[in-house]
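Read off the chains here:
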There are 2 protein chains.
Amino acid sequence: MATTSEYLRIGELAERAGVSVTTIKYYIREGLLSPPTMKTGRTMGYYDRAYLERLMLIRSLREEHYLPVRVIKQILADRGDRPLSADEAALLARIGPSVVQRLDAGGPVLTRGQILERYGLSEEELDLMIEMGLIGDFNASDVQLLDALRLAETAGITRERFPVSGLGHYVELLDELAKREVRIFAHSAAGIPTDQLLDIAQRATDVSEPIVAIIRRKFILRAIRAELAVRQPETTVQKESP
Amino acid sequence: MATTSEYLRIGELAERAGVSVTTIKYYIREGLLSPPTMKTGRTMGYYDRAYLERLMLIRSLREEHYLPVRVIKQILADRGDRPLSADEAALLARIGPSVVQRLDAGGPVLTRGQILERYGLSEEELDLMIEMGLIGDFNASDVQLLDALRLAETAGITRERFPVSGLGHYVELLDELAKREVRIFAHSAAGIPTDQLLDIAQRATDVSEPIVAIIRRKFILRAIRAELAVRQPETTVQKESP
């Protein structure tokens, strides 16, 4: 895929990313963006697609998730868009297989026919879950997920109202989270003594589970409050006259 | 913020988004993208920033999270970039306050000084957690999170190796998840009879918690396997000669 640079004024770059020029300069000053290769004077330079994507990501981290600059810096450093270093890869090769063994739920425990019948799924719904990577060879972890979905169903979160395709949000965001967690672990665990490493790696998924649950609840609360606040009496949401 | 359209060849658009022209045409055919306003002939049109962002998102959903087209369609429809409809807003106004009441952990249970001492945090670490929206007025939910982090600490996930700023990944992705969950609920719960609605809304966060946990574990397993597979014997990863 081509990643040709374009020769752009900083103003054009700003417009494409949906931020102001001042903001771009601020990001460069803070070290979130590297200064572009400048050609003529101080307002033009070569920017490639990765630069624009990075800029748009920083905008979303600040404006949508209200993250401070030093946290954004950390997120950019940890993201999955660079290959692992040799050290990180070596660490993962050492601990990966045993963590896989621990997380792996083993082979099939039900047949396709049994799954369809027990969970009242249509062929199409099951196929979609398989396509999404949520269900594999019908092992114990697949059954766990299907049980959890059935529990939600009995609580009124029916598939009729909340179709299987809506699970795509969980796939997108939890897949992204999982990938980053694995990379961060490979990166940050470098200094852990070998005799402790395996034990820590084994427990990492378990001990971070409640952290994920609590943070999610906090943000559900924040999201509901934010949506309710938007609909306060008109006086509080009136726009300034242009 | 300006959202001026640019007059581009489809090939230039493709290059900016990092996909092929064939792929863009395929997305248009599948209804993931609307056809651009064409001007001269069939290869040029006006594309605005939102169009490019949407295209880049579709690319990432397909190439990074392996999602099928119909799931991507659903994700695009549900995303938080449009305001709630009047009906969705009305539903949220009806159920929001009682769900907030249920999720709300109440007022402060510890002082700042007690938090710092009990959890061995530096002033800076605590301030960063507050800035990230993870800690509020030191209520029961804050204490729950700090307890969960301490448990991880005793399991070897120390702040020395895994600094507080690394929690930014959880903030980014779980905030995004929570926002979408609230919106999807407001959207999908429209047909639920009023007498059941409040009960379902109250339970929705609880019953979806194990779903989140199980999917995350599945994807951690997948991510480790993927990283290990990259490092298989050279023969399996050799690139074809150009």
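### What about the overall build of chain A?
Scanning chain A for helices and strands turns up 11 helices and three strands. Sorting the 242 residues of chain A into buried and exposed places 50% on the buried side. Within chain A, contacts between residues at least 6 apart in sequence are counted, and of these 63% link residues at least 24 apart. As displayed, chain A offers around 11800 Å² of accessible surface, 52% of which is attributable to carbon and sulfur atoms.

### Structural notes on the pattern of salt bridges
Inspection of every chain in the model, using the stated rule, returns 36 salt bridges over all chains. Across the pair B:Arg222 and A:Asp175 runs a salt bridge whose closest N-O atoms are separated by 3.3 Å. Of this pair, B:Arg222 sits in helix α10 (residues 194–230) while A:Asp175 sits in helix α9 (residues 168–188), which puts the two residues in different chains. Taking relative accessible area as the criterion, B:Arg222 reaches 25% and is therefore assigned partly exposed. For A:Asp175, a relative accessible area of 1% translates into the label buried. Across the salt bridge formed by A:Glu227 and B:Arg183, the nearest N and O atoms sit 3.1 Å from each other. Remark: B:Arg183 occurs in helix α9 (residues 168–188) and A:Glu227 occurs in helix α10 (residues 194–230); the pair is interchain, linking two chains.

### Observations regarding the relation of the copies chain A and chain B
Each copy of the chain is related to the other by a rotation around an axis and a translation along that axis. Placing chain A over chain B gives an RMSD of 0.1 Å and needs a rotation angle of 180°, together with 0.0 Å of translation along the axis. The two molecules are tied by a two-fold rotation axis, judged by turn and shift. No C-alpha of chain A lies nearer the rotation axis than that of A:Leu173, which sits 3.0 Å from it.

### A word on the packing of aromatic side chains
Residues and elements named next belong to chain A. Applying the stated rule across the entire model yields six aromatic pairs over all chains. With centroids separated by 6.1 Å and ring planes inclined at 50°, the aromatic side chains of Tyr26 and Tyr27 adopt a geometry described as tilted. Relative accessible area serves as the criterion here: at 26%, Tyr26 is assigned to the partly exposed category. The exposure class of Tyr27 is buried, given its relative accessible area of 0%.

### Points about the interface of chain A and chain B
The interface is formed by 110 residues belonging to chain A together with 109 residues belonging to chain B. Of the roughly 10700 Å² buried between chain A and chain B on both sides combined, carbon and sulfur atoms contribute 67%. At the boundary of chain A and chain B, one finds 20 salt bridges. Where A:Asp142 meets B:Lys218, a salt bridge forms, and the shortest distance between an N and an O atom there is 2.3 Å.

### Examining the environment of A:Glu123
All names here are of chain A. Within the secondary structure, Glu123 sits in helix α7 (residues 123–131). Judged by relative accessible area, which is 45%, Glu123 ranks as partly exposed. Put simply, Glu123 and Leu92 are 31 residues apart on the chain and 37 Å apart in space, counted from C-alpha to C-alpha. With sequence-adjacent residues up to four places away left out, Glu123 is seen in contact with Arg112 and Leu116.

### Regarding helix α4 (residues 69–78) of chain A
By the burial criterion, the buried members of α4(A) are A:Val69, A:Val71, A:Ile72, A:Ile75, A:Leu76 and A:Asp78. Contact partners of the buried residues in α4(A): α2 (21–30), α3 (49–63) and α9 of chain A together with α7 (123–131) and α9 of chain B.

### Observations regarding the environment of A:Pro36
Residue and element names in this part refer to chain A. Along the chain, the position of Pro36 falls in the loop between α2 and β2 (37–38). For Pro36, a relative accessible area of 9% gives the class buried. Separated by 89 residues in the primary sequence, Pro36 and Glu125 have C-alpha atoms spaced 48 Å apart. Apart from residues no more than four positions distant in its own chain, Pro36 is found in contact with Ile28, Tyr46, Tyr47 and Tyr51.

### Thoughts on the packing of helix α1 (residues 10–17) of chain A against α3(A)
All names here are of chain A. Contact geometry for α1 and α3: axes closest at 9 Å, N-to-C directions at 55°. Classified by the angle their axes make, α1 and α3 are oblique. Note that α1 runs across α3; the crossing there is right-handed. Between α1, through Leu13, Arg16 and Ala17, and α3, the contact on the second element is made entirely by Tyr51, Leu52, Leu55, Met56 and Arg59. Each residue belonging to the contact of α1 with α3 can be placed in one class, and the counts come to six nonpolar, no polar and two charged.

### Brief notes about the environment of B:Arg62
Residues and elements named next belong to chain B. In this structure, Arg62 sits in helix α3 (residues 49–63). The class of Arg62 is partly exposed, set by a relative accessible area of 32%. Expressed as a C-alpha distance, the spacing of Arg62 and Ile72, which sit 10 residues apart in the sequence, is 7.9 Å. Residues contacting Arg62, with those up to four places away along its chain left out, are Thr23, Tyr26, Tyr27, Leu67 and Ile72.

### Some words on the confidence of the model for chain A
Low-pLDDT stretches of the model should not have their predicted coordinates read in fine detail. Residue and element names in this part refer to chain A. Averaged over all residues, the pLDDT of chain A equals 88, while 90% of them reach at least 70. Ranking the helices and strands of chain A by mean pLDDT puts helix α6 (residues 112–119) first, with 98, and helix α11 (residues 234–237) last, with 44. Contacts from residues 234–242, a stretch scored under 50 in pLDDT, to residues over four places away or in other chains number three contacts. On the interface metric, ipTM, the complex scores 0.89, and its pTM is 0.89.

### Some remarks on the packing of α3(A) against α4(A)
All names here are of chain A. Interaxial distance between α3 and α4 falls to 11 Å at its minimum, and their mutual angle equals 135°. One way to sum up the angle between α3 and α4 is to call them oblique. Note on packing geometry: the crossing formed by α3 with α4 is right-handed. On the side of α3, the interface is formed by Arg54, Leu57, Ile58, Leu61 and Arg62, while α4 contributes Ile72, Ile75 and Leu76. In terms of residue class, the contact of α3 with α4 is made up of six nonpolar, no polar and two charged.

### Focus: α7(B)
Regarding α7(B), the residues found buried are B:Leu126, B:Leu128 and B:Met129. Seen along its axis, α7(B) keeps its buried residues to an arc of 160°; they face one direction. Among the structural elements, α4 of chain A together with α6 (112–119) and α8 (140–154) of chain B are those in contact with the buried residues of α7(B). In the segment just after α7(B), B:Gly133 is the residue with positive phi, at about 85°.

Rules behind the numbers
Residues numbered from 1 in each chain as written. Chains lettered and ligands numbered in written order. Predicted model: local features only at pLDDT ≥ 70, side-chain atom pairs only at ≥ 80, totals over all residues. Heavy atoms only, no water. Helix = DSSP H or I, 4+ residues; strand = E, 2+ residues; numbered from the N terminus. Buried < 20%, exposed > 50% of the residue type's maximum accessible area, 1.4 Å probe, protein only. Contact = heavy atoms within 4.5 Å. Areas by Shrake-Rupley, 256 points an atom, 1.4 Å probe, with all protein chains shown as cover. Salt bridge = Lys/Arg side-chain N within 4 Å of Asp/Glu carboxyl O. Least-squares fit on C-alpha atoms with pLDDT ≥ 70 in both. Phe/Tyr/Trp six-rings, centres within 6.5 Å; stacked < 30°, edge-to-face > 60°. Buried area = accessible area lost by both parts, 1.4 Å probe. Axes fitted to C-alpha atoms, helices over the stretch in contact; angles between N-to-C directions. Parallel < 35°, antiparallel > 145°, perpendicular 65-115°, else oblique. Left-handed = near helix turned anticlockwise from the far one by under 90°. Nonpolar A, V, L, I, M, F, W, Y, C, P; charged D, E, K, R; others polar. pLDDT = per-residue confidence, 0-100. Arc of directions from axis to C-beta.

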